[in-house]
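Residues per chain are reported as follows:
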Amino acid sequence: MFADLNDKTVLITGSTKGIGRAAAVAFARQGAIVGINSSQKDSAAEELIAQLESEGARFAYYERDLTKSGECETLVNEFVDQFGSLDVLVNNAGGLGVRKGLESLEDDDFNLVMDLNLRSVIMTTRFAMPHLKASAEKRGETASVISTGSIAGREGGGLGASLYGGSKAMLHNLHRNWVKEFTKDNVRFNIVAPGTIDTAFHADKSAEVKEKIASTIAMGRLGTSEEVAPSFLFLASHAASGYITGQVIDVNGGQMCP
Ligand code: NAD
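From a predicted model like this one, the values you see are computed outputs, not experimental measurements.

Section: the sheet that holds strand E7 (residues 248-251)
Pairing in this open sheet of seven strands is parallel, and the strands run E3-E2-E1-E4-E5-E6-E7 from one edge to the other. In this open sheet, the two edge strands, each paired with only one partner strand, are strand E3 (58-63) and E7. This sheet shows a mean twist of 15 degrees between the axes of neighbouring strands, independent of strand direction. Bridge analysis of strand E5 (residues 143-148) against strand E6 (residues 187-194) gives six bridges, and the strand direction is parallel. The residue of E6 that forms the bridge with Thr148 is Val192.

Overview of helix H6 (residues 162-182)
Its 21 residues place the ends of H6 30 Å apart at the C-alpha level, agreeing with the 30 Å of an ideal helix rising 1.5 Å per residue. For H6, the set of buried residues is Leu163, Tyr164, Gly165, Ser167, Lys168, Leu171, His172, Leu174, His175, Trp178, Val179 and Phe182. On its buried face, H6 is in contact with helix H4 (107-139), E5, helix H5 (152-155), E6 and E7.

Here's the deal with the packing of aromatic side chains
One pass over the full model with this rule turns up five aromatic pairs. Seen from their ring centres, Phe182 and Phe189 are 6.0 Å apart, and the 40 degrees between their planes marks the pair as tilted. Side by side, Phe182 and Phe189 carry an identical accessibility label, which is buried.

Some remarks on the environment of Met129
Considering the arrangement of structural elements, one finds Met129 in helix H4. Residue Met129 is classed as buried on the basis of its relative accessible area of 6%. Separated by 85 residues in sequence, Met129 and Ala44 have C-alpha atoms that sit 29 Å apart. Leaving out residues up to four positions away in the same chain, Met129 has contacts with Phe182, Val187 and Phe189.

Describing the side chain of Asp109
Tracing the sequence through the fold places Asp109 in helix H4. Dropping the residues within four chain positions of it, Asp109 is found in contact with Val98, Lys100, Ser104 and Leu163.

Conventions and cut-offs
- Residues numbered from 1 in each chain as written.
- Predicted model: local features only at pLDDT ≥ 70, side-chain atom pairs only at ≥ 80, totals over all residues.
- Heavy atoms only, no water.
- Pairing = 2+ DSSP bridges.
- Helix = DSSP H or I, 4+ residues; strand = E, 2+ residues; numbered from the N terminus.
- Axes fitted to C-alpha atoms, helices over the stretch in contact; angles between N-to-C directions.
- Expected span 1.5 Å × (residues − 1).
- Buried < 20%, exposed > 50% of the residue type's maximum accessible area, 1.4 Å probe, protein only.
- Contact = heavy atoms within 4.5 Å.
- Phe/Tyr/Trp six-rings, centres within 6.5 Å; stacked < 30°, edge-to-face > 60°.

Next up, the structure:
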């Protein structure tokens with residue numbers, strides 16, 4: 001569908017499970033060369049590696065904890081050393097971190113959520129920029145950064161998820177600033193903002209709670225990771241979205257306020 005993604009080098013953070021995993025499989029099926037990552041090489045990582053191998057994908061796995069700035073830098077360098085360029089960066093690593101009311105929040109909670117959802121994106125993008133600029137110059141088309149935001153970045157997040165919702169709101173806003181700084185270099189920045197997608201992210205919720213959430217969604221059900229993945233392909237493709245930057249694409253089945 002997105003023929004220009006063939007042979008593109010695409011690094012996807014947090015991509016052994018859920019939304020990132022579906023994106024990794026989708027990019028590989030377009031012929032892209034894919035970097036997959038998680039903080040731990042667990043059974044999910046092994047399964048994805050086996051699947052990509054069986055599909056004949058060109059890829060490499062990198063075990064890096066992106067809550068640490070040094071690991072963000074190492075991840076980017078490892079990928080570029082291995083594949084020679086970076087055309088597309090997908091910042092997907094992230095998560096709830098803690099579910100706590102305001103009056104229970106501690107410094108460690110703040111650090112955990114901000115490191116996971118913001119330091120990871122800011123530092124990985126920071127170290128990726130020279131390579132993205134070089135890609136745009138060499139190819140004569142835009143390079144692309146896509147980060148996974150959230151409906152929580154606009155609606156505030158569910159009860160106990162204020163830090164998470166706030167971190168995603170900041171992420172949405174950071175992108176708009178980076179558009180001002182880097183459009184001259186032909187690098188685009190867009191957000192994919194999922195609604196409630198049925199992944200390990202919601203493992204702490206009962207079936208009853210999930211049903212309640214589904215009732216806030218016009219389509220009456222949670223989304224799947226495979227339904228989110230094509231939006232990353234669209235925003236990565238210069239041919240499809242070369243004039244789109246600074247935007248948030250909501251993928252949420254018509255969800256209004258989780
Ligand atoms: P998930 O838990 O299924 O997957 C998260 C992935 O990130 C895993 O591969 C995990 O190994 C990796 N990861 C976690 N911490 C990491 C770290 N420190 N360094 C590197 N990798 C790390 O979650 P998901 O639901 O697929 O969420 C993916 C993204 O989508 C997150 O940014 C999340 O905030 C966002 N999101 C999810 C939903 C949802 O409903 N599931 C909604 C909106 C936004």
